[in-house]
Structure formats: structure tokens, C-alpha cells
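Take a look at the letters that make up each chain.
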Amino acid sequence: MLRVLTAGESHGPELIAVMEGLPSGVPVLAEDIQADLQRRKLGYGRGSRMKFEQDELTISGGVRHGKSLGSPIALRIGNTEWPKWTEVMNPAPTELTEKSRGRGAALTRPRPGHADLVGMQKYDFDEARPILERASARETAARVALGAVARSFLSELGIRLVSHTLSIGPVRVPDGSALPTPDDVDALDADPLRCFDPATSALMVAEVDDARKDGDTLGGIVEVLAYGLPPGVGSHVHWDRRLDGRLAQALMSIQAIKGVEVGDGFETTRRRGSAAHDELFETESGITRGSDRAGGTEGGMTTGTVLRVRAGMKPIATVPHSLRTIDVASGEAATAHHQRSDVCAVPASGVVAEAMVAIELANSILEKFGGDSIRETRRNLDGYLEAIPETLRTAPASEAALLAHDELS
Ligand SMILES: Cc1cc2nc3c(=O)[nH]c(=O)nc-3n(C[C@H](O)[C@H](O)[C@H](O)COP(=O)(O)O)c2cc1C
Ligand SMILES: C=C(O[C@@H]1CC(C(=O)O)=C[C@@H](OP(=O)(O)O)[C@H]1O)C(=O)O
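Computed from a prediction, not measured in an experiment: that's the story for all the values here.

The rules we used
Residues numbered from 1 in each chain as written. Chains lettered and ligands numbered in written order. Predicted model: local features only at pLDDT ≥ 70, side-chain atom pairs only at ≥ 80, totals over all residues. Heavy atoms only, no water. Helix = DSSP H or I, 4+ residues; strand = E, 2+ residues; numbered from the N terminus. Buried < 20%, exposed > 50% of the residue type's maximum accessible area, 1.4 Å probe, protein only. Contact = heavy atoms within 4.5 Å. Areas by Shrake-Rupley, 256 points an atom, 1.4 Å probe, with all protein chains shown as cover. Lys, Arg positive; Asp, Glu negative; His and termini not counted. Charge placed at Lys NZ, Arg CZ, Asp CG, Glu CD. Near = heavy atom within 4 Å. Polar contact = N/O pair within 3.5 Å; in protein donor to acceptor, adjacent residues only side chain to side chain. Phe/Tyr/Trp six-rings, centres within 6.5 Å; stacked < 30°, edge-to-face > 60°. Lys NZ or Arg CZ within 6 Å of the ring centre and 35° of its normal. UniProt positions renumbered as here; feature names shortened; annotations may be inferred. Nonpolar A, V, L, I, M, F, W, Y, C, P; charged D, E, K, R; others polar. Expected span 1.5 Å × (residues − 1). Arc of directions from axis to C-beta.

Attention now goes to the overall build of the protein chain. The helix and strand inventory of the protein chain stands at 13 helices and 17 strands. Projected onto the principal axes, the alpha-carbon positions of the protein chain cover approximately 75 × 50 × 40 Å. When burial is assessed residue by residue, the protein chain has 47% of its 409 residues classed as buried. Taking as baseline every contact in the protein chain between residues at least 6 positions apart, the subset at least 24 positions apart corresponds to 71%. For the protein chain, the computed accessible surface area is about 19,500 Å², with 54% contributed by carbon and sulfur atoms. Taking the average place of the 46 positive charges on the side chains of the protein chain and the average place of its 58 negative ones, the gap between the two points comes to 4 Å.

Further remarks concern the site of ligand 1. Every one of the 20 residues lining ligand 1 counts as a neighbour, but A256, K314, T318, S341 and D342 are closest to it. Here an oxygen atom of ligand 1 sits 3.1 Å away from a polar atom, N or O, in the main chain of A135. The backbone of A256 places a nitrogen or oxygen atom 2.9 Å from an oxygen atom of ligand 1. For ligand 1, whose accessible area on its own is 630 Å², the fraction buried by protein is 86%.

Turning next to the packing of aromatic side chains. Using the criterion set out here, one finds 1 aromatic pair in the structure. Stacked on the ring of Y44, the Lys or Arg R212 has its end atom at 5.9 Å from the ring centre. In this structure, K368 is placed above the aromatic ring of Y384, and the distance from its NZ or CZ to the ring centre is 3.9 Å.

Now for the UniProt feature "binding site: FMN" (unreviewed entry) in the protein chain. In this numbering, the UniProt entry assigns the feature "binding site: FMN" (unreviewed entry) to R134, A135, S136, Q255, A256, G299, K314, P315, I316, A317, T318 and R340. These annotated residues cover 207 residues of sequence, and their C-alpha atoms reach 44.5 Å apart at the extremes, leaving them scattered rather than at a single site. Looking at the element boundaries, Q255 is found in the loop between helix 9 (243–252) and strand 10 (257–262). In this view, Q255 contacts A135, S136, A137, E139, T140, R143 and M313; residues no more than four positions away in its chain are not counted. For Q255, the side chain forms a polar contact with the main-chain oxygen of S136, separated by 3.5 Å. Along the polypeptide, R340 turns up in the loop between strand 17 (332–335) and helix 11 (346–369).

To continue, consider the site of ligand 2. Close contacts around ligand 2 come from S10, H11, R40, R46, R49, M50, H114, S136, A137, R138 and R340, and that covers them all. At a separation of 3.1 Å, an oxygen atom of ligand 2 approaches a polar side-chain atom of R46. In isolation ligand 2 exposes 460 Å². Once the protein is present, 87% of that is buried. The residue inventory of the shell around ligand 2, partitioned by class, reads 2 nonpolar, 4 polar and 5 charged.

In this numbering, the UniProt entry assigns the feature "binding site: NADP(+)" (unreviewed entry) to R40 and R46. Note that R40 resides in helix 1 (residues 30–40). Look past the residues within four positions of R40 in its chain and what remains in contact with it is R46, M50, D55, A137, R138, T140, A141, V144, A348, V351 and V352. Here R46 is to be found in the loop between helix 1 and helix 2 (49–52). If we skip the residues at most four places from it in the chain, R46 touches R40, K41, K51, D342, C344, A345 and A348.

The end-to-end C-alpha distance of helix 12 (residues 374–387) is 20 Å, a good match for the 20 Å that 14 residues give at a rise of 1.5 Å each. Where helix 12 is concerned, the buried positions are I374, T377 and L381. All buried residues of helix 12 fall inside an arc of 60 degrees around its axis, so they share one side. Within helix 12, the exposed residues directed more than 90 degrees away from the buried face are R375, R379, E386 and A387. Those residues of helix 12 hidden inside the fold are in contact with helix 6 (140–156) and helix 11.

Time to look at unusual backbone geometry. Peptide bonds are trans in most cases, and residues, glycine excluded, mostly fall at negative phi. The backbone of D55 shows a phi angle near 50 degrees, a positive value even though the residue is not glycine. Position of D55 among the secondary structure elements: in the loop between helix 2 and strand 3 (56–61). The buried category is assigned to D55, whose relative accessible area is 0%. Although it is not a glycine, D124 sits at a positive phi angle of roughly 65 degrees. On the secondary structure map, D124 appears in the loop between helix 4 (116–123) and helix 5 (129–135). Since its relative accessible area comes to 67%, D124 is described here as exposed.

This is the structure in C-alpha cells:
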């Protein structure tokens, strides 16, 4: 089992991320983690903080000479903003002074769609600062750092991930467009919206420009693909062992994600059964599926085909053209407080979604195959695959995809 924890506030000194349960021998390199942190800051439509935030990474535990030790991995990500917030976010008892009043002013006009009001009710605060500091998606930097470690573990087992943007507001990649593979990550990261279809990407840029001009914000949909998974990760036997359920939880836990689909998801509900499932065919290299509508899981278990999950993000709640609210200090009608904010953070959400899927896949794989060292995990995985009788074996995923196009469709 893999356990992960994060701590830290958006304008505090740093974020802390801990991963417990990772086997020894997994490559953990600061440059790989830093590269993923850099990818999370990309994307057309992000606010000004992403231009100067450095995500200062320190590996504080669990790693020696570039490899995991089997002990908890501890990561620290320094917040570049901290020097400006030492007084407002001081952990020691502090009376805010004249100097810090601007930044430290009580936020009594909660933003509809953010955690402000309900957080104040629940945690007994009369302003939103103590709530938004932790509700903020700044925390996703810690998740992405842990996700980089999980991805390294998975890649040791031949499993690789990629994510891309499917839609921004009403602009959507056409149905039937090519899916990216892990070899396309650099091209995706170079695209302003992390979209695999250049023509759609240009329309998305225009949509973001339009929303910004109108003082508005946007959401969208991202898709994560995992290649190289063995069949049988997760289980049908109990609700909390189902991999699709676990992935949904992992993705829904990301700030502003409001919907998750596995495979063709809701589109499948509009089809008849005869056109909704992936039929099985015997080929020379094993059993293969004639299509990939299910998105790589059946019965809460991986099928061994490409895993495909989607997450839908609502528009950013801090709308520059401020929304109506109540000033809870006076009880009067007001407009919501607004400081700098993202217009659209969908591309970043794709990178975060990739991290969360990687963490959950690593967790479920360790649950099935165990191992205190990566060599032991790999041995257990190989032994399991070898033990599947010839008559039940599936063809390698890439071959299956080829057959699906060339012969079976
Ligand atoms: C990468 C990322 C960046 C975000 N940036 C902002 C932002 O700049 N302003 C904002 O109001 N919300 C932003 N959000 C969304 C809020 O954090 C989120 O709406 C809030 O925590 C309330 O949670 P909920 O939307 O899940 O109910 C962002 C989310 C993600 C994933
Ligand atoms: C800091 C990050 O995202 C933040 C997420 C966020 C929110 O409300 O979720 C609000 C903004 O915070 P700030 O006012 O400090 O700019 C974003 O920039 C980040 O992703 O690293």
C-alpha cells in the first residue's frame, strides 16, 4: 500500500509532500520531479504567479544516490512568494500591523464557487484567508511532485502515462481524433493548451482570450492515458477495491474537478448494448478486443488495454467580473473579493490528473504485487503474467490496437 500526505498553505513558507510504502531501488531524481513541477505551471490562461513561482524543490528523505531506500519519501517545495507573506502567514501569534494591512485585510466577501463561505462556517473563522490558503490549488504542486515519484515506479514496470486537453469551455477536440502516446509528451507540453489537435488548440487560445477580455473564466475536460498496464489490477470483489472507483476518487479530489468518465463514459449510456462494449476475438498472439470503449477497465480491474480516464473542470471561481455575494462583516450585498487569478487552469489540471492517476495506479499495483524492492515487485509481476494460462492470455495492447483498426472494425 502506498500512502501519500501533503501539507502547507498557498502563501506559507513551503509545501510538504510525503509518500510511504514505495519499494527501494526506484529512481528518484530532483530533475525529474522539477520537470513535472515545471509542466504544471504551463498553460495558456494561467495567472501571473505561475510566471515567477519557482517551486523550489528539496528531497528531504527516503532517497540516497538517486534511488529510493524503501523509507518514506519526503519532499519540500518552497513557495517563492513567502517573503511577502511572512507577517500575514506567520505561524507565531501575530498582531497584523499597518504595514501588512493591505495583504492581511480581512476577506469578508466570500467567492461563490470557492471554499470561502462554507469553510468559514465549518472551521469557525470570520474571514476567508484561513480557508483559501489551503483550498487553493497551490497544493497540487505537492501532488505533482509525488506523482513524478509514482511515475518513475510505474515506468520501472513498463507503464507510462500521458495526459492531454480535450476541451476548453465549448471548444472540443473532434470525435475520433488520434490519441497521444507517452512519446508525444514533449509536443503536448509545447502546445499552449496541451491539446493534441493543433487546429482545435488555436480555437482554444481564442476562447481563452475572449474570456479574459470579458473578465470571465473557463473550465474544460482533460484525459489521462496509461500504457503498458497488466490485466487484473484492482478487483471486482468489493466496492473499495474497484480501480475505476479509486481513480474517480483520486481525480474528483482535485480542486474544481466536477466529473469523471472512464473510457467513453456518459457517451456509452446513449448507445445500445450491441454498440457499447468491446467484443473479444481470438488471434495468433492471444485474445484481443475489437474496440476500446470501456477505457481499459472491466469489473473494476484493468483489462491490459490502454487505460483512459477523463476529468471535467468547472470554470475558475475567482471571476474578475466579480460575482454577487454578501459581505459577512456587514450583512450587506457586495461583489466577491478578487485578487489575481487564473482565467483557465485546464492544462495544469491535466498534469495534476496524470499525477493522481499515477499515484493510484502505483498504490493498486503495490497492493496486488507487493515488493519491498522494485526487483521484487517486478519479479512478482512477471510471475503473475507467466502463470496466466495460454488460453486466457490477451495480445499485447499495441498489437490489439492495430488489429482493431486493420482487421476488426
Ligand atoms: C491547477 C488549478 C489552478 C486553479 N487556479 C485557481 C485560481 O487561480 N482561482 C480560483 O478561484 N480557483 C482556482 N482553482 C480552483 C479552486 O482551487 C477550487 O475551485 C476551489 O478549491 C474550490 O473547490 P471546488 O471547486 O472543488 O469546489 C484552480 C484549480 C486547479 C486544479
Ligand atoms: C498558486 C497556484 O495556483 C493558485 C490556485 C488558486 C486557487 O484558488 O486554487 C489561486 C491562485 O493563487 P494566487 O492568488 O496565489 O495566485 C493560483 O495562482 C499554483 O497552482 O501553484
